[in-house]
Amino acid sequence: MRILHTSDWHLGRTLHGVDLLEHQAAHLDHLVELTRTEGVDAVVVAGDVYDRAIPPVDAVSLLSDTVARLAEHAHVVVTPGNHDSAIRLGFGDRVMRPGVHLRARLVDVGTPVTLTPRAGSRGGAPVLVYALPYLDPDTARHALADDAGPVGAEPGPDVPARGARAPLARSHEAVMGAAMRRVGVDLARRRAQDPAARAVVVGHAFVVGGLASESERDIRVGGVDAVPAATFGGWGVDYVALGHLHGPQRVTVPDVSRGTPGHDHGRAPVARYSGSPLAFSFSELHQRKSTTLVDLDALGGRAGGDRDAAVELVPAPVPRRLAEVTGTLDDLLGAAGEPHVDDWLRVVVTDAVRPAELYARVRARFPHALQVTHRPPRVAEREVVTAVGPGRDPLDVARDFVEHVAGHAPSDAEVAVLREAFELALAEERSA
Ligand SMILES: [Mn+2]
């Protein structure tokens, strides 16, 4: 069977004030076309379907239409990401039809969607899709807690009775680990019935080793945002369809032996981030956005086969190129700017003195300039001292600030207060 793996549509998002919805709609047309022409059996959307918990009305109807159109050609499996409201995404009466699976509930993490080849497709083994919603540690550590003890352990002096177990550690690693244990137990049981079945895990997380962009929302909890790649190994899964990071990339999962009979299916899964369909920040200007097509029959199984050939990246349509130009205003208005007049542009003007009517003159030449900055040469030198990039831990920045104004580093208790304030702000942003 062939699956199409996509994620991070962020319907309703803007790029420096530009409404992206028409470009997002064009991309979804492309996905429907790809699904139809490439004989795709299942479309898997790994979270961040919407940009906000309460998406604009236009974004909601675009999703409804798209899911309905995709479902004419393939199974559709959708999970919420950290930007989505699981409850709101999970409810969709217009799209509830056979072949559409909106998986948003934590209690379902150990139960797969079972897909069989569609009529007219190339056929192949059935596929078990374990579609995990975004696992927020503060919620999932309670919801998945009855897996906290060893798998299959009976209650005893050190293992509380079912339903009375202590919450999991407050971390992404702990909650994803608990979800994967449930997947592993269920998969081992089903493989005993049908050894040929393929298994796909859909997850929305920051896996250690992944490369971030500037447009992903921070999901740090207790100062840690990432899940070790080994969490996905050793369960017999063939493919891990990841969402959250916006650059398409492969993640290397180490070959883990869990030592439990039936759990090891030969080798580590292939894991990939499909990436977002469009660039949502200037940090993504060199990324080549794409959609991932995976041939599961070529990928899975103990016998081997060409795993690279089993994965195909289909380039996403580019509505408008993203670029950055730096120079004096005269240079940019002259030949140096010529190749960029149609681009979404970040313009950095380096004249020693800010030119009069800078913004208007830049926009007259570059109608799609999204950011105009004046950076005289001497300021560039001074800036080196305190550069705060989006990649820095906000807690470190706050710590530096306290040290700067108070003359000494914050105490452990003060750091705890700062962390709590930051996490509350994140939670508020999530529910906005
Ligand atoms: Mn995202």
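Heads up: the structure comes first, above all this text.
Numbers given for residues are sequential positions, taken from 1 along each chain in its written order. The predicted nature of this model means local features are confined to residues of pLDDT at least 70 and side-chain atom pairs, given and counted, to a pLDDT of 80 or more, with totals for whole chains, interfaces and linings taken over all residues. Excluding hydrogens and water, the side-chain values take into account all heavy atoms of the structure.

Moving on, we come to the overall build of the protein. Of the regular secondary structure elements, the protein holds 11 helices and 19 strands. Out of the 432 residues belonging to the protein, those deemed buried represent 50%. Taking all contacts inside the protein whose residues are at least 6 apart in sequence as the whole, residues at least 24 apart take part in 74%. Each accessible area value is a Shrake-Rupley result obtained with a 1.4 Å probe; residue values ignore everything except the protein chains displayed when judging cover. By element, 53% of the accessible surface of the protein is carried by carbon and sulfur atoms, the whole surface being about 19,800 Å². Strands here are runs of E lasting at least two residues and helices are runs of H or I lasting at least four, both read from the DSSP assignment and numbered beginning at the N terminus. Exposure categories follow from relative accessible area, calculated using a 1.4 Å probe and restricted to protein chains: below 20% of the type maximum is buried, above 50% is exposed, and the middle band is partly exposed. A contact between two residues is defined here by any heavy atoms of the two lying within 4.5 Å.

Sheet architecture is open: 6 strands sit in the order 6-5-4-1-15-16, paired in mixed fashion. Either end of the sheet is taken by a strand with one partner, and the two such strands are strand 6 (100-102) and strand 16 (311-315). Across the sheet, the axes of successive neighbouring strands diverge by a mean angle of 20°, strand direction being ignored. Any two strands with at least two DSSP bridges between them are considered paired. Inspection of the sheet shows strand 1 (residues 2-6) paired to strand 15 (residues 290-295) by 4 bridges, in the antiparallel sense. Looking across to strand 15, one finds that Leu 4 is bridged to Leu 293. Note on definitions: angles span 0 to 180 degrees between N-to-C directions of axes, and those axes are lines fitted to C-alpha atoms, for helices only across the stretch in contact.

So, on to the environment of Arg 198. Checked against the element boundaries, Arg 198 lands in strand 9 (residues 198-204). In sequence terms Arg 198 and Gly 124 are 74 residues apart; their C-alpha atoms lie 9.5 Å from each other.

Donor atoms: N, O and S within 2.8 Å of the metal, or within 3.2 Å for Na, K and Ca. Because water is excluded, sites can look incomplete. On the protein side, the manganese ion has Asp 8 (OD), His 10 (NE2), Asp 48 (OD) and His 246 (NE2) as donor atoms, found 2.0 to 2.4 Å from it. When the donors of the manganese ion are listed by position in the chain, the intervening gaps give D-x1-H-x37-D-x197-H. Remark: His 246 occurs in the loop between strand 12 (239-243) and strand 13 (249-251) and Asp 48 occurs in the loop between strand 4 (42-46) and helix 2 (57-71); sequence separation between them is 198 residues. Of the two residues, Asp 48 and His 246, neither departs from the other in class, the shared state being buried.

What follows covers unusual backbone geometry. Despite not being glycine, His 10 shows a phi value in the positive range, around 50°. One non-glycine residue, Asp 48, lies in the positive phi region at around 55°.

The contact between helix 1 (residues 21-37) and helix 2 brings their axes to 10 Å, and the two run at 10°. It follows that helix 1 is roughly parallel to helix 2 by the angle criterion. Contacts between helix 1 and helix 2 involve Leu 21, Gln 24, Ala 25, Leu 28, Asp 29, Leu 31, Val 32 and Thr 35 from the first element and Asp 58, Ala 59, Leu 62, Thr 66, Arg 69 and Leu 70 from the second. Grouping the amino acids of the contact of helix 1 with helix 2 by side-chain chemistry returns 8 nonpolar, 3 polar and 3 charged. Every angle not falling under 35 degrees, over 145, or within 65 to 115 is termed oblique; those three ranges are roughly parallel, roughly antiparallel and roughly perpendicular. Three classes are used, and their members are as follows: Ala, Val, Leu, Ile, Met, Phe, Trp, Tyr, Cys and Pro are nonpolar, Asp, Glu, Lys and Arg are charged, and the others, Gly among them, are polar.

In plain words, nonpolar cores are sets of buried Ala, Val, Leu, Ile, Met, Phe, Trp, Tyr and Cys residues tied together by side-chain atoms within 4.5 Å. Counting residues in hydrophobic clusters, the biggest one holds 38 residues, and the most contacted among them are Met 180 and Phe 232. Taken together, the elements giving at least two residues each to this core come down to strand 8 (127-131), helix 5 (172-193), strand 9, strand 10 (206-207), strand 12 and strand 14 (270-273). The element contributing the most residues to this core is helix 5, with 8 residues. Once you skip the residues sitting within four places of it in the chain, Phe 232 turns out to touch Met 176, Met 180, Val 207, Val 227, Val 240, Leu 242, Val 253 and Pro 269.

We now examine the sheet that holds strand 14. The 6 strands are arranged 7-8-9-12-14-13 in an open sheet whose pairing can be described as mixed. Edge strands, defined here as strands with exactly one partner in the open sheet, are strand 7 (113-115) and strand 13. Sheet twist, expressed as the mean angle between neighbouring strand axes with direction ignored, is 25°. Two elements, strand 12 and strand 14, share 4 bridges in a ladder whose sense is parallel. What sits directly across from Tyr 239, in strand 14, is Val 270. Strands in contact with helix 5 are strand 8 and strand 9; relative to strand 8, the strand with the most contacts, it is inclined by about 165°.

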